[in-house]
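Given next are the chains, with one letter for each unit.
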Protein chains: 4
Amino acid sequence: MNSQLKVEARDARTNGRLDPAMLLLQYERVRRFTEFLCRPLAIEDYVVQPMTDASPTKWHLAHTSWFFERFVLNAADPHHEPLHPQYYFLFNSYYQLAGKMHPRPQRGMITRPTVAEVHEYRREVDDLMTRLLQNGSGRTLHEILPIVELGLHHEQQHQELILTDLKYLLSLNPLRPVYGERKPVTGHELPLLWHSFGEGIYAIGHEGESFAYDNEGPRHRVFLNPFKIGSRLVNCGEYMKFIADGGYERSDLWLSDGWIAMREADWRCPLYWERIDGHWQRFTLDGVRPIDPLDPVTHVSFYEADAFARWSGARLPLESEWEVVAASAPVEGNFVEDGHYHPIPPMKPPNGFPAQLFGDVWEWTSSPYTPYPGFHPASGPIGEYNGKFMCNQMVLRGGSCATSRSHIRATYRNFFPPTARWQFSGIRLAQDA
Amino acid sequence: MNSQLKVEARDARTNGRLDPAMLLLQYERVRRFTEFLCRPLAIEDYVVQPMTDASPTKWHLAHTSWFFERFVLNAADPHHEPLHPQYYFLFNSYYQLAGKMHPRPQRGMITRPTVAEVHEYRREVDDLMTRLLQNGSGRTLHEILPIVELGLHHEQQHQELILTDLKYLLSLNPLRPVYGERKPVTGHELPLLWHSFGEGIYAIGHEGESFAYDNEGPRHRVFLNPFKIGSRLVNCGEYMKFIADGGYERSDLWLSDGWIAMREADWRCPLYWERIDGHWQRFTLDGVRPIDPLDPVTHVSFYEADAFARWSGARLPLESEWEVVAASAPVEGNFVEDGHYHPIPPMKPPNGFPAQLFGDVWEWTSSPYTPYPGFHPASGPIGEYNGKFMCNQMVLRGGSCATSRSHIRATYRNFFPPTARWQFSGIRLAQDA
Amino acid sequence: MNSQLKVEARDARTNGRLDPAMLLLQYERVRRFTEFLCRPLAIEDYVVQPMTDASPTKWHLAHTSWFFERFVLNAADPHHEPLHPQYYFLFNSYYQLAGKMHPRPQRGMITRPTVAEVHEYRREVDDLMTRLLQNGSGRTLHEILPIVELGLHHEQQHQELILTDLKYLLSLNPLRPVYGERKPVTGHELPLLWHSFGEGIYAIGHEGESFAYDNEGPRHRVFLNPFKIGSRLVNCGEYMKFIADGGYERSDLWLSDGWIAMREADWRCPLYWERIDGHWQRFTLDGVRPIDPLDPVTHVSFYEADAFARWSGARLPLESEWEVVAASAPVEGNFVEDGHYHPIPPMKPPNGFPAQLFGDVWEWTSSPYTPYPGFHPASGPIGEYNGKFMCNQMVLRGGSCATSRSHIRATYRNFFPPTARWQFSGIRLAQDA
Amino acid sequence: MNSQLKVEARDARTNGRLDPAMLLLQYERVRRFTEFLCRPLAIEDYVVQPMTDASPTKWHLAHTSWFFERFVLNAADPHHEPLHPQYYFLFNSYYQLAGKMHPRPQRGMITRPTVAEVHEYRREVDDLMTRLLQNGSGRTLHEILPIVELGLHHEQQHQELILTDLKYLLSLNPLRPVYGERKPVTGHELPLLWHSFGEGIYAIGHEGESFAYDNEGPRHRVFLNPFKIGSRLVNCGEYMKFIADGGYERSDLWLSDGWIAMREADWRCPLYWERIDGHWQRFTLDGVRPIDPLDPVTHVSFYEADAFARWSGARLPLESEWEVVAASAPVEGNFVEDGHYHPIPPMKPPNGFPAQLFGDVWEWTSSPYTPYPGFHPASGPIGEYNGKFMCNQMVLRGGSCATSRSHIRATYRNFFPPTARWQFSGIRLAQDA
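The structure presented is a predicted model; accordingly, all values stated were derived computationally and were not measured.

Asker: Even after reading the chapter, I still don't get the sheet that holds strand 14 (residues 414-416) of chain B, so can you show me in this structure?
Answerer: Sheet strands associate in pairs through backbone hydrogen bonding, adopting either a parallel or an antiparallel arrangement. If you trace the four strands from one edge of the open sheet to the other, you get 14-13-12-15 (chain B), paired in mixed fashion. Of all strands in the sheet, those bounded by a partner on one side alone are strand 14 and strand 15 (425-426) of chain B.

Dropping the structure here:
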């Protein structure tokens, strides 16, 4: 990968203050990285919506631009005329308070604007954003800089979705198209060890001046019983044993809803796995590959992660336990900038920390996604970013191989329904101590 | 109501020990009370399944007997021959480890055995149970008494379901049949006050020798921020104001899933409410009645409870907060034995406690139903009773007007999906202090 | 069966004129026969709707009475007050012009009125009808006698539906309840011969003064190519060969819609058949029985009949061909009054006519159900009886073992969608000559 | 339009004999015309499947080429290796006997092969086809020429589908993209007159040496009652009166299935119509336009056509009546080569013939699509072309503005389900004489 692009968005804050010039630099890097991710695509690949949960790449490109136009350019200039009034309708995702929106399941029906026109829209927004960040008054900048920063993190989330949605789309094609080649990786075989933590009151959640989403706060105290956490992710070899042991046949291992969902969807292995002539293979962004037993298992639902944990005689960690473990760990791992688009075996033995906490795969926790004590969403449409989804979803932690390094942190709370499998979601075990 | 029947099941334990004679007395009372609840029914009313979530009364009558045959008589006598082998299949609810089962959505297709034959089955089981409790060896009794006790609480749960399922069924009939008459009740108009509780570590959950379901333990510590709890339930008058203020029209009041569910189902008021000539009426077990603004609101989903709380500038309590409040309150309120089958206004001003904590309506909490730290379900099929449902459901507390007084306690955790409305579910508010 | 009941409705016309006294006799016989068919039922069996296409027996009992109240008593007396106003809503089937109606898929939700109350409703209608037929003015009788006659044929149709709907309901019960016992029947093994008919213009359709539904006329001319008709129905032994030869596996035998429907529903044999230890059995109204290879095959869809015919190197007859064949045949066969409720082998060699034209099973034709040239439905709601269904259905001819002998004739056009299997529907073959 | 392209496929037969050189000329013209129709498209427009009934343009381009490869190149050379083996799977439409196929509802998920690759595939097939038609042995040509001819008519059908599927796709886009501009047309206002035909035996169906689909034969006799046929198509002005008169509100005008379908889909006007500020507009391939009351009404389902006819006191014609009327009429009208892509008012007063019989809109008949007497489909997969669809569809006659002039004839039988509205389908009235 182009090394310039690898230096993507970092915290644009100095002592908690946002600097317009720094933020413009970040803006430039994040926006270009989105387009970099589209380079392997044919025009045809941008258009299709493979399922309701996923969106066409073209939509992601336009929506992330709409976010800046609607929430930044609009706020900075009360006389701002929409660049393309109908894009306000087409590319609003779910912000009810920001106006009417095109229905999500119809996103794949919209062949126009074309990809070229969407790229042109991106340029128009970029021009206005650049001018604003360069020339905006102090008062305006004070108001909009935090939203620009939010918009960049928002775009990084969509970068990850571009990859997971594309992977799902390409997997539906019997031709099994290849998104990109990866360098072969040789990792380490690590034993699964258990790190212990004592009972007590711990503080979790974000506080301070660095960026975080609203759902990461307020920082607050929780009481935890003693627990142990696994020293690395569950790998594919271990998951194969679960399958071979009848993991998908034994109702006693599953939550009731999971058993029903699994039977109805006829799951017998993780998404993208298939057994060919007795050998497990999986579809990846670089084509169909034999499965390396040391690779972390991924594309499992919460239900599968939970059943696997029960089969192992362990359990999934609480999100608070995970955060306590990760709080002082360095943010190192396999991220999208490394160009693997794939979870890989541990690269080096961990130095006292559980390995693979960040990057590689999102780790399902046993915690439903609920507001932290004292949580209040922002007012206005931006308040819809996170808060209104706090029901029927489970929290995942740690980022994945499709996440940017600068996007993740120990307090980050991702969330998906327990049936979701198309994200890079995997398993770390915990136990009562 | 027959005063003998009012003396229903109490704790059959003395110093934590179960006494067979006492338990037989309880058995007799609980079983007869089930049948008492069926007295107003025509044979036709026993048969129909009004929706997948509900079951025919006939099925409840048989399933509760199956529970005793399958888990008690079977365990007590290894040579026990099923009284009716096909009932094992027909009346198993969800115990995968207890054998195959008739599919839930088909329960209403089974016209035979007839109601009379199911009553005969109840008698057969009762005879064997009586003999066992009277003549069982000490060793056998030691093993089965806790299951008998569990079976009685299980049957009390189904008594409540008989009433809620029947109410739903009768409501679908344009003739609006009446289940039973109630005595008119005049309650008190109470102001809504706020009781404060300080931050700290609290212990919640069941421990000790009295009966509780496995999901109520282990007792464990939680850290709570300071909070305030409402002194009574939200009443219908308050809920009417929410409706009149556009509560069902404002997306900003709703969780995203709630907004979608509410729009799809076209909810505009609680279940069973309808506006006739500008006046709110509701279908109850005693027919269509004008709504008393002082009655607690009921038959609302979690989503509606949550939206109402947000509209009120408050929130729903955590289940731990609720339990801390209720821990030392007397178990008093409006229960099924009082013969109202309906939530009613507070009967007397509370003496320092929040009113209506027990009985009347189940109170939605903001807590998803998850295992307590250290929770382990029992082994074998009985372990499927509670544990496998710990996903996608919200906890409700406190019992309802369809609950038996002896069935409820401060640690009791009821749970339903956030869309459920056919239970007697209502709202108590909380706030950050 | 009670021999008095066997003498059921005959043509109440003398020289085309309806006589009130004769019609009252018919009325009495038809109405009592409906109730006779319900004798084997438990109350529970009356209530349940096993699928949207079928109705509860209780509904049939009430709807046939509603027909007389709504279209006869109402017409005869402009001051007639509905006996039970809400029954007008509950028991209207599909007559849009007769007022609003309870939705068909909800018919099984209505536990009240009870069975006893519906029987009471029948008596009330019978009393008024009797009085009307005995005392009505000449002018009134002139107007209503044809509707009474229509109502009796309508009720005979519902007698057949009571049996087919009940059979479907009972089949869903793993206990496999028995409706009634039948006398064992020994039939004749007949070779399949072909009767030839020459090309030419033939007249088909009803004309004259005897009763017929509106859809049987006008009588009109059709041009037919030379054809041959099979001398008897296709029997179960022949159908077993079709199955054994991969009939359900070969797409080239099936219409495209049939192939799709069959695959989706996973049909591998006629409805109610099952193979137990290598032997074909079928569920019948008298329980599960081994299949007699000489019995006519029944409970097949049009698609199966069509595929069987193609496999046989033959085809299904046109409805016009069938009628030409049947026009001069005696109306003899196995009807509901014979108490078999089951298609049986031919009872005697046919004397020059194809056998089994009437009774036993409805015979699928290759003719879509369309209006005859010059067809005009009656005005008003009665016009909705037949005409509005003339799309997406196929014509069946000849009646079945669940039809009354007096109900069937050579011009009778029954019709069902090509997927329907719960009627007694079978196969007669034809060929181009 | 390029005048060379206007000279598209004509009958390549001389005295019934197919000449390879002539056929190659036709091949060239038809294939180029398909590509001509794609000129206004962006790459994005080729990919999306807007509903299960429709297909992406890219799929049409590939499937029509697959037809030639699979049924011609394969048959001509037993050693033919598939050009791209997976295309055999991807681009088979419904020929079960030609091998497995990609599921129809997934056609829009296939972003690769790209549009450019599909065009390359077309060129590869064209090269081989050209070589075959130029150099094939007499024996080979004798066998394959009829299939080549069939393939050209097949491709012309898909040209029409390209336009109707694209129109449907573009209509889903709130931007309302324009496919192509049309020349304004001024037609004639013609009174609706009735042409009478006497009763008798008529022969219909194709015979002779010119091309026809198998479903157009055998020629056979039918008996018709006297009838009258409308002198022109029903126009939009007349249809507006039907709407204004409550046509969509009166159940008595509709077939039962039509009423249900219309209510469920909430139809209140033809597809693509909308009322803006009290004025009727419609989406067309050249954008949103005010409706000319003299334009033929189009994009109505069979149910709407049938209801309109009933409202008019008329009926739809039988397909035999239509063919008798059209048998001697010249094949003149508004076809796709005229570049309107839109039904237009009659261009000149008809000279004794009903006007607009060919072109403009497909005319719904009252005839279900069934086999003609003596019909036998070809053996092998080609036999699946027409015969297996002879159920649940209605016949349409006469071609449309999206049909090629050389593709249509008086015996041509088009067919669609009675709910279909996205074809250019309209209404001609008939009456009993």
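Right, picking up where we left off after that structure.
Asker: Sorry, what's going on with the relation of the copies chain A and chain B here?
Answerer: Comparison of the two chain copies shows a relationship of rotation about an axis with a shift along it. Turning chain A through 180° and shifting it by 0.0 Å along the axis lays it on chain B, with an RMSD of 0.0 Å. The relationship between the two copies is best expressed as a two-fold rotation axis.

Asker: What is the right way to look at the sheet that holds strand 13 (residues 394-397) of chain D in this model?
Answerer: Residues and elements named next belong to chain D. Taken together, four strands build an open sheet; the order of strands is 14-13-12-15 and the sheet is mixed. Among the strands making up the open sheet, the edge pair consists of strand 14 (414-416) and strand 15 (425-426). Relative to strand 14, strand 13 runs antiparallel, the two being bridged by three bridges. Residue V395 lies in a different strand from strand 14, and its bridge partner there is F415.

Asker: Explanation requested: the relation of the copies chain A and chain D in the structure shown.
Answerer: Mapping chain A onto chain D calls for a screw motion: a turn of 180° about the axis and a shift of 0.0 Å along it, with 0.0 Å RMSD after fitting. Of all interface residues in chain A, 97% are interface residues in chain D too; the two copies therefore contact each other through one and the same surface.

Asker: Got a minute to help me understand the packing of aromatic side chains in this structure?
Answerer: Two aromatic rings are characterised by how far apart their centres lie and by the angle between their planes. This model, assessed by the stated rule, comprises 144 aromatic pairs over all chains. When the ring of Y213 of chain B is compared with that of Y385 of chain B, the centres are 5.2 Å apart and the planes differ by 25°; the resulting orientation is stacked. Of this pair, Y213 of chain B sits in the loop between strand 4 (200-204) and strand 5 (220-224) while Y385 of chain B sits in the loop between strand 12 (362-368) and strand 13 (394-397), and the two are 172 residues apart along the sequence. Note on accessibility: Y213 of chain B and Y385 of chain B belong to one class, buried. With a centroid separation of 5.7 Å and 75° between ring planes, the pair formed by Y213 of chain D and Y412 of chain D is classed as edge-to-face. In this pair, Y213 of chain D is assigned in the loop between strand 4 (200-204) and strand 5 (220-224) and Y412 of chain D in the loop between strand 13 and strand 14, connecting sequence segments 199 residues apart. Classification of Y213 of chain D by relative accessible area gives buried; the value is 5%.

Asker: Sorry if this is basic, but what is going on with the interface of chain A and chain D here?
Answerer: How large an interface is tends to be reported as the accessible area lost when its parts come together. With 31 residues of chain A at the contact, the number on the chain D side is 30 residues. It is E44, M109 and R112 of chain A that lose the most area in chain A upon contact with chain D, and together they represent 29% of the buried surface on that side. On the surface where chain A and chain D come into contact, there are two salt bridges. Among the salt bridges present, the one from R112 of chain D reaches D45 of chain A, with a minimum N-O distance of 2.5 Å. For the side of chain A that touches chain D, the secondary structure elements donating two or more residues are helix 4 (85-90), helix 5 (115-135) and helix 6 (138-171) of chain A. In terms of residues, the side of chain A that touches chain D owes the most to one element, helix 4 of chain A, which gives three residues. For the side of chain A that touches chain D, the residue count by class is 20 nonpolar, eight polar and three charged.

Asker: What is the right way to look at the arrangement of the chains in this model?
Answerer: At the level of C-alpha atoms, the two units chain A and chain C stay apart, their nearest approach being 15 Å. There is a gap between chain B and chain D: no contact, and a shortest C-alpha distance of 15 Å.

Asker: How should unusual backbone geometry be read in this particular structure?
Answerer: Generally, phi is negative for residues other than glycine and the peptide bonds are trans, each holding for most cases. Residue and element names in this part refer to chain B. Omega for the peptide link from R112 to P113 comes to 0°, which places this bond in the cis form. When you line up the elements, P113 lands in the loop between helix 4 (85-90) and helix 5 (115-135). Looking along the chain, the bond that leaves G217 and enters P218 is cis, with omega of 0°. Among the secondary structure elements, P218 is positioned in the loop between strand 4 and strand 5.

Asker: So what exactly am I meant to see when it comes to the interface of chain A and chain B here?
Answerer: Taken together, the 31 residues of chain A in the interface contact 31 residues of chain B. Between chain A and chain B the total buried area reaches about 2,400 Å² when both faces are included, carbon and sulfur atoms providing 56% of it. Counting every contact that joins chain A to chain B gives two salt bridges. Close ionic contact of E199 of chain A with R221 of chain B constitutes a salt bridge, the shortest N to O distance being 3.0 Å. Our enumeration of links across chain A and chain B arrives at eight residue pairs in polar contact (both at pLDDT 80 or more). Here the side of chain A that touches chain B is composed, by residue class, of 15 nonpolar, ten polar and six charged.

Asker: Honestly, the nonpolar core in this entry has me stumped. Any pointers?
Answerer: When a protein is soluble and globular, its nonpolar side chains tend to lie buried together. Core analysis: the largest hydrophobic core is formed by 251 residues, its most contacted members being Y239, W273 and I427 of chain B together with Y239, W273 and I427 of chain C. Apart from the residues within four sequence positions on either side, Y239 of chain B is in contact with Y248, P270, W273, V297, V300, E304, F308 and I427 of chain B. One finds L133 and Y248 of chain A together with V72 and F424 of chain D within the second-largest nonpolar core, a separate group that totals 248 residues.

Conventions and cut-offs
Residues numbered from 1 in each chain as written. Chains lettered and ligands numbered in written order. Predicted model: local features only at pLDDT ≥ 70, side-chain atom pairs only at ≥ 80, totals over all residues. Heavy atoms only, no water. Pairing = 2+ DSSP bridges. Helix = DSSP H or I, 4+ residues; strand = E, 2+ residues; numbered from the N terminus. Least-squares fit on C-alpha atoms with pLDDT ≥ 70 in both. Contact = heavy atoms within 4.5 Å. Phe/Tyr/Trp six-rings, centres within 6.5 Å; stacked < 30°, edge-to-face > 60°. Buried < 20%, exposed > 50% of the residue type's maximum accessible area, 1.4 Å probe, protein only. Buried area = accessible area lost by both parts, 1.4 Å probe. Salt bridge = Lys/Arg side-chain N within 4 Å of Asp/Glu carboxyl O. Nonpolar A, V, L, I, M, F, W, Y, C, P; charged D, E, K, R; others polar. Polar contact = N/O pair within 3.5 Å; in protein donor to acceptor, adjacent residues only side chain to side chain. Core = buried A, V, L, I, M, F, W, Y, C linked by side-chain atoms within 4.5 Å.

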